[in-house]
Amino acid sequence: MLGKSISKNSLILGTFAIVTAGVLAVTFLATRDRIAAEEKRAAQKALTEIIPQSRHDNDMLEDVWVIPESQLAELGLASPSSIHIARQSEQNIAVVIPSIAPDGYSGDIKLITGINIDGSVAGVRVLSHKETPGLGDKVDLNKHTWILGFNDTSLNAPETDDWKVKKDGGHFDQFTGATITPRAVVKRVKQTLEYFNAHKAEILGNTDESI
Amino acid sequence: MSQFKEISVNGLWKSNPALVQLLGLCPLLAVTGSVVNALGLGLATMLVLVGSNVAVSLIRNTVNEAIKLPAFVMIIASFTTCTELLMQAFTYELYQILGIFIPLIVTNCVILGRADAFACKNKLLPSALDGFMMSLGFMLVLLAIGGIREIIGSGTLLSNMHLIFGESARAWEWKLFGENYKGFLVAVLPPGAFLVAGLLIAIKNIIDAEILRREKALSDKPVKGSKRVRTTGQVA
């Protein structure tokens, strides 16, 4: 009696599992291409915001240099990542380097930094952060234009020692009520520039696209 | 007909999931920083709740007591995942903003609650309506909190609506206090959500008390009146 009810119930639940899995499979297949396209569009949008379409003619999404595992720590990255390279008629124009500032006010601040071949900053964007709304979240371009202040700076302009927020005696503004967030971003952008300087030849010489 | 009316009144007011049952508070408090977020999560919840109520109602005679809950959870989970995929495909930026709260719809007690308390005992149409009205009641509260927090916190209303309705909706944004409004921070932060939600519950209780008082006054009157008719012969 018990055995019978168990087997009947399992049969019903099993049928359920198959039906719901089927529904999921159909939805997944129906939306897969569109989701992939949306993800690509979003990634592309972030890249072309820093390096406009007019400055390069390659597919930056595909033209990548995979960061060796030993160098990930220099950018604060935890998972495998790649540097995107912009080229115009085979000439290197700029790179876009992902990095993470771990010392924000609350958690990681994910950045991408666009650096021109001459070492100047093409642009910095915050991809994701958990900073305080209204204070630290001004690093987000949607909230404030502060992040555009990095444009055209480089390791020598301002002077290397001035790569700090004003409160620490440096060049960059902080926000009222929030110093920690800008300090973390400035520090990471500086480190990213230093990383690019140190590994420039490596990054631009090898453009292995097979990965 | 009266059953449908009762279902509607229950969902929207009498047992409103957010204000009376206090279910689903986690997303309610977490994503109501702006109207667009509230609307996004409200619509996603509606999709899942109506879908799961319909499915549960359809299978209510097949499942017995022993396997009821696992079957419901399976249904709800698959509807939630479908909704997540659809949002990812059609409103990708909103999907990124709402993030973890879309998969978390599966844990929203309103949904399992309605499946267990209503849909598994009722026919298809009432169940569908119950799902719709309950989620509509939930969404209206989300929108109210989202609207109030957006106005006080950022000084705008209906900003970023293009995330749901496409580029033409970008112009819907309404700056109430001009460009230079600094924003009242506490409204955007989590405590603001608690404050506004508490305020709405208080307002609802005041209105309910007032309705009750009037009904009582109304039901008291005829007794008095009839007495007076008998004793004085005058109609009040």
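Residues numbered from 1 in each chain as written. Chains lettered and ligands numbered in written order. Predicted model: local features only at pLDDT ≥ 70, side-chain atom pairs only at ≥ 80, totals over all residues.

Student: So what exactly am I meant to see when it comes to the environment of B:Ile151 here?
Tutor: By secondary structure assignment, the location of B:Ile151 is in helix 7 (residues 124-154). Between the C-alpha atom of B:Ile151 and that of B:Met134, which follows or precedes it by 17 residues, the distance is 26 Å. (Helix = DSSP H or I, 4+ residues; strand = E, 2+ residues; numbered from the N terminus.)

Student: Before we go on, may I ask you to explain the sheet that holds strand 2 (residues 82-88) of chain A in this structure?
Tutor: Whether parallel or antiparallel, the strands of a sheet pair through hydrogen bonds between backbone atoms. Residues and elements named next belong to chain A. Taken together, the 5 strands give an open sheet; going across it, the order is 1-2-3-4-5, and neighbouring strands pair in antiparallel fashion. Every interior strand has two partners, whereas the edge strands, strand 1 (64-66) and strand 5 (121-128), have only one. Neighbour to neighbour, the strand axes of the sheet diverge by 20° on average, direction disregarded. In terms of strand pairing, strand 3 (residues 91-101) meets strand 4 (residues 109-116) through 8 bridges, oriented antiparallel. Directly across from Ser99, in strand 4, lies its bridge partner Leu111. On top of the sheet, helix 1 (residues 2-50) reaches strand 2, strand 3, strand 4 and strand 5; it is set at about 150° to strand 5, its chief contact. (Pairing = 2+ DSSP bridges. Axes fitted to C-alpha atoms, helices over the stretch in contact; angles between N-to-C directions. Contact = placed C-beta atoms within 7 Å.)

Student: Looking at this structure, how should I read the packing of helix 1 (residues 2-14) of chain B against helix 7 of chain B?
Tutor: Between two packed helices, the angle of one axis relative to the other and the distance separating the axes together describe the packing. Residues and elements named next belong to chain B. As a packed pair, helix 1 and helix 7 sit with axes 7 Å apart at the nearest point and diverge in direction by 25°. Accordingly, the angle class assigned to the pair helix 1 and helix 7 is roughly parallel. Handedness of the crossing formed by helix 1 with helix 7: right-handed. Contacts between helix 1 and helix 7 involve Gln3, Phe4, Ile7, Ser8, Gly11 and Leu12 from the first element and Pro126, Leu129, Asp130, Met133, Met134, Leu136 and Gly137 from the second. When grouped by side-chain class, the residues that make up the contact of helix 1 with helix 7 number 8 nonpolar, 4 polar and 1 charged. (Parallel < 35°, antiparallel > 145°, perpendicular 65-115°, else oblique. Left-handed = near helix turned anticlockwise from the far one by under 90°. Nonpolar A, V, L, I, M, F, W, Y, C, P; charged D, E, K, R; others polar.)

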